[in-house]
Amino acid sequence: MKLIVAVDKNWAIGNKGDLLTSIPEDKKFFRETTTGNVVVMGKKTLLSFPNGLPLKNRINIVLTTDVNFTAKDAIIVHSLEELDEELKKYNTDSVYVIGGAIVYDELLDKCNEAYVTYIDYQYDADCYFPNLEKKDEWVMTEESEEHTYFDVEYYFRKYEKK
């Protein structure tokens, strides 16, 4: 299983239920990487999409403890055990964890690759991703050249679990 995330220099990922920023090239990378695959997310992440609808051309799995939650064209699971059962139907290389923070925390140990858009800027934030640079079991295996969006520098990085 893999994960995909955009972080700032403090490994922040969100503020008040929203992404920190919107970089067109990062959105394109996310779309191209996840299209045709399985995406696993929490309820708040799904509801943050336009009209609260699942992402097109992907199998959307939503992990939530809300037993009354439903979403058209999404698979809803209510526990990690239920998620594990559902994921047995798919090739683990085609599964991407896409957030939010609670789902990342719960599934990080089950992932073996992480696609991180590292934004070299500090935003106001209330939501963080674990800093992979400080985790001995993760190593950065790829880093793009510097990209810029207006005055913000960012990099596409790939981390792999040792």
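Residues numbered from 1 in each chain as written. Predicted model: local features only at pLDDT ≥ 70, side-chain atom pairs only at ≥ 80, totals over all residues. Heavy atoms only, no water.

Chemist: Which residues make up unusual backbone geometry, and what values go with them?
Modeler: At the junction of Gly99 and Gly100, the peptide bond is cis and its omega measures out at 0° in the coordinates. Structurally, Gly100 can be placed in the loop between strand S7 (95-99) and helix H4 (101-107). A positive phi angle, near 55°, is found at Lys16, a position not held by glycine. Its place among the elements puts Lys16 in the loop between strand S2 (12-15) and strand S3 (18-19). You can call Lys16 exposed: its relative accessible area is 71%. Residue Phe150 is not a glycine yet carries a positive backbone phi of 55°. Tracing the chain through its elements places Phe150 in the loop between strand S11 (147-149) and strand S12 (152-161). In this structure Phe150 comes out as exposed when scored by relative accessible area, which is 70%. (Helix = DSSP H or I, 4+ residues; strand = E, 2+ residues; numbered from the N terminus. Buried < 20%, exposed > 50% of the residue type's maximum accessible area, 1.4 Å probe, protein only.)

Chemist: A description of the pattern of salt bridges should follow, citing residues and the corresponding values.
Modeler: The tally for this structure, following the rule as stated, stands at twelve salt bridges. In this structure, Lys89 engages Glu86 in a salt bridge whose closest nitrogen and oxygen atoms are separated by 3.0 Å. Its salt-bridge partner being Glu160, residue Lys158 comes within 4.0 Å of it at the nearest N-O pair. Residues participating in the shared-partner salt-bridge network are Lys2, Glu113, Lys158 and Glu160. (Salt bridge = Lys/Arg side-chain N within 4 Å of Asp/Glu carboxyl O.)

Chemist: Quick one: what's the story with the sheet that holds S3, residue by residue and with numbers?
Modeler: Taken together, the three strands give an open sheet; going across it, the order is S3-S2-S9, and neighbouring strands pair in antiparallel fashion. Each end of this open sheet is capped by a strand with a single partner; those strands are S3 and strand S9 (127-128). Examined bridge by bridge, S2 and S9 share two bridges and lie antiparallel to one another. Looking at the pairing, Ala12 lines up with Tyr128 of S9. (Pairing = 2+ DSSP bridges.)

Chemist: An account of helix H1 (residues 24-34) is requested, with residue identities and associated values reported.
Modeler: Asp26, Thr33 and Thr34 are the residues of H1 that are buried. All buried residues of H1 lie within an arc of 85° about the axis, which places them on one face of the element. Phi turns positive one or two residues past the end of H1, at Gly36, with a value near 85°. (Arc of directions from axis to C-beta.)

Chemist: Just give me the short version of the pairing of strand S5 (residues 59-63), but keep the residues and values in it.
Modeler: Where burial is concerned, most of S5 is hidden: four out of the five residues are buried. For the crossover from strand S4 (residues 38-42) across helix H2 (residues 43-48) to S5, the handedness is right-handed. Here S5 runs beside strand S6 (residues 75-77); their pairing, made up of three bridges, is parallel. The partner of Ile61 across the bridge, within S6, is Ile75. (Right-handed = clockwise from strand over helix to strand, strands pointing away.)

Chemist: An account of the environment of Lys27 is needed here, citing residue identities and associated values.
Modeler: Note on placement: Lys27 falls in helix H1. On the basis of relative accessible area, Lys27 is assigned to the partly exposed category, the value being 47%. Among the polar contacts made by the side chain of Lys27, one reaches the side chain of Ser22 at a distance of 3.3 Å. (Polar contact = N/O pair within 3.5 Å; in protein donor to acceptor, adjacent residues only side chain to side chain.)

Chemist: Can you break down the pairing of S12 residue by residue, with the values?
Modeler: The buried fraction of S12 is high, at seven of ten residues. Here strand S8 (residues 113-119) runs beside S12; their pairing, made up of seven bridges, is antiparallel. Bridge pairing in S12 links Ile119 to Tyr154. Where strand S10 (residues 138-143) lies against S12, five bridges are found, and the strand directions are antiparallel.

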